[in-house]
Amino acid sequence: MPPALPAAAAAPRRGLAGVGRVLLWNGGSVWIGRDTGQMQPHSHHGIQITLASALPVRIRAAAEDRWYETLAAIVMPDRPHLFDGCGHPVATVFVEPETLAGRALLARYGQRDVSLLDDHGLAQRAAALHAVFEAKGTDQALVAAAQQAVEHLASIPAAYDAVDPRITAVLERVRERSEAPLTLAQAASLAHLSPSRFRHLFVAQTGISFRAYLLWARVGLAMARGLTDASWTDAAQLAGFADSAHLSRTCRRMFGVAPTMLVPEGREGSGRQQNRPAAVPLPRHSGRIRQA
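Residues numbered from 1 in each chain as written. Predicted model: local features only at pLDDT ≥ 70, side-chain atom pairs only at ≥ 80, totals over all residues. Heavy atoms only, no water.

What follows is about the overall build of the chain. When you go through the chain residue by residue, the secondary structure sums to nine helices and ten strands. By the burial criterion, 54% of the 292 residues in the chain qualify as buried. Counted over contacts in the chain with a minimum sequence separation of 6, partners at least 24 positions apart contribute 72%. For the chain, the computed accessible surface area is about 12,600 Å², with 53% contributed by carbon and sulfur atoms. (Helix = DSSP H or I, 4+ residues; strand = E, 2+ residues; numbered from the N terminus. Buried < 20%, exposed > 50% of the residue type's maximum accessible area, 1.4 Å probe, protein only. Contact = heavy atoms within 4.5 Å. Areas by Shrake-Rupley, 256 points an atom, 1.4 Å probe, with all protein chains shown as cover.)

What follows is the structure in structure tokens.
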């Protein structure tokens, strides 16, 4: 981690985690917006790449006792950390560690929970990503800009899996149909393995259990549904959660925020935002892009 001065403590922020857009692709996602607030301690399956626009944000590993100010940082999967956007525009890109890009990022940055990034090329790509957002660019343009930042850091295409083909088949099934229940036995059958062998291989290839991966995928699905045309209760049930409270607890644990703290761009002044964000397009892209 490059040297950085400890940041001064900030006053508690209002109950809003950000105003913006969230887009998913197979193996990753980008969360980008303004007015980004402070997140409580959390951890998640995805590798996190944080890209501020022009003003620094604060970040630290949960095991450390001081904050660092930075314009860019990377957090390894399942490592507890804290983040404060300080009310500034921020893009957060998540990369699943079982992708080619994820494996490359693990090899390069896996020695630390959180690493600060000082890379001119990355700064250029972060600026391009924020420029697309500020210009209200298309979903495809935002995804492409986010993937270009990932590919710059990893030197590998952003979305292709690097795991055993049998596990890849299951991952693709889960990503494309997160709403459809998939038991361990069904997943094992899809991989042509016994349940016990599949369970062991899945952990070895992805770093987490099959059950934990399903939860990660379902949170993404629930956020997509809740930020389009479903109530949070309906979104939670469609994604396999018992209720909206279960979704909220899981989202807080993984991302440090409750779903209702994320507001779609353009609706931040709406009276509905306190209960449920209004519609925003949230497609799942294939991630099969051409290498630049």
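Right, let's get into the pattern of salt bridges. Under the counting rule described, the total for this entry stands at eight salt bridges. The salt bridge partner of Arg-175 is Glu-96, with a shortest N-O separation of 2.7 Å. Taken together, the positions of Arg-175 in helix H4 (residues 165-176) and Glu-96 in the loop between strand S7 (81-95) and helix H1 (100-109) put the pair 79 residues apart, joining distant regions of the chain. Considered together, Arg-175 and Glu-96 belong to a single accessibility category, that of buried residues. Owing to a relative accessible area of 4%, Arg-175 belongs among the buried residues under this scheme. It is possible to trace a salt-bridge network through shared partners that takes in Glu-96, Glu-98 and Arg-175. (Salt bridge = Lys/Arg side-chain N within 4 Å of Asp/Glu carboxyl O.)

For the structure on display, the rule yields nine aromatic pairs. Measuring from ring centre to ring centre gives 5.9 Å for Trp-31 and Phe-94, while their planes differ by 80°; the resulting arrangement is edge-to-face. Separated by 63 residues along the polypeptide, Trp-31 in strand S2 (residues 28-42) and Phe-94 in strand S7 bring together distant segments of the chain. You can call Phe-94 buried: its relative accessible area is 4%. Taken together, the aromatic side chains of Trp-31, Phe-94, Trp-216 and Phe-255 make up a single cluster linked through ring pairs. The ring of Trp-67 has Arg-58 sitting right over it, with the charged end atom 4.0 Å from the ring centre. Directly above the ring of Trp-67 sits Arg-60, whose terminal nitrogen or CZ lies 5.3 Å from the centroid. (Phe/Tyr/Trp six-rings, centres within 6.5 Å; stacked < 30°, edge-to-face > 60°. Lys NZ or Arg CZ within 6 Å of the ring centre and 35° of its normal.)

If you look at the biggest cluster of nonpolar residues, it comprises 52 residues, and the most contacted ones within it are Val-170, Val-174, Phe-198, Phe-210, Tyr-213 and Phe-255. The element best represented in this core is helix H7 (residues 210-226), accounting for nine residues. Residues contacting Phe-255, with those up to four places away along its chain left out, are Trp-31, Met-39, His-42, His-44, Phe-94, Trp-216 and Val-219. By size, the runner-up hydrophobic cluster in this structure holds 33 residues, among which are Trp-25, Met-76, Ala-101 and Ala-146. (Core = buried A, V, L, I, M, F, W, Y, C linked by side-chain atoms within 4.5 Å.)

One non-glycine residue, Asp-35, lies in the positive phi region at around 55°. Non-glycine residue Ser-155 carries a positive phi angle of around 60°. Examined against the element boundaries, Ser-155 turns out to sit in the loop between helix H3 (139-154) and H4. With a relative accessible area of 55%, Ser-155 lands in the exposed category.

What follows concerns the environment of Pro-181. Relative to the helices and strands, Pro-181 resides in the loop between H4 and helix H5 (184-190). Separated by 33 residues in the primary sequence, Pro-181 and Leu-214 place their C-alpha atoms 9.3 Å from one another. Apart from the residues within four sequence positions on either side, Pro-181 is in contact with Arg-173, Gln-186 and Arg-218.

Turning to the packing of H7 against helix H9 (residues 244-255), a few remarks are in order. Following both chains from N to C, one finds H7 and H9 inclined at 110°, their axes separated by 11 Å at the closest point. On the basis of the axis angle, H7 is roughly perpendicular to H9. Judged by the sense of rotation from one axis to the other, the crossing of H7 with H9 is left-handed. On H9, the residues touching Leu-215, Trp-216, Val-219, Ala-222 and Met-223 of H7 are Leu-247, Thr-250, Cys-251, Arg-253, Met-254 and Phe-255. By residue class, the composition of the contact of H7 with H9 is nine nonpolar, one polar and one charged. (Axes fitted to C-alpha atoms, helices over the stretch in contact; angles between N-to-C directions. Parallel < 35°, antiparallel > 145°, perpendicular 65-115°, else oblique. Left-handed = near helix turned anticlockwise from the far one by under 90°. Nonpolar A, V, L, I, M, F, W, Y, C, P; charged D, E, K, R; others polar.)

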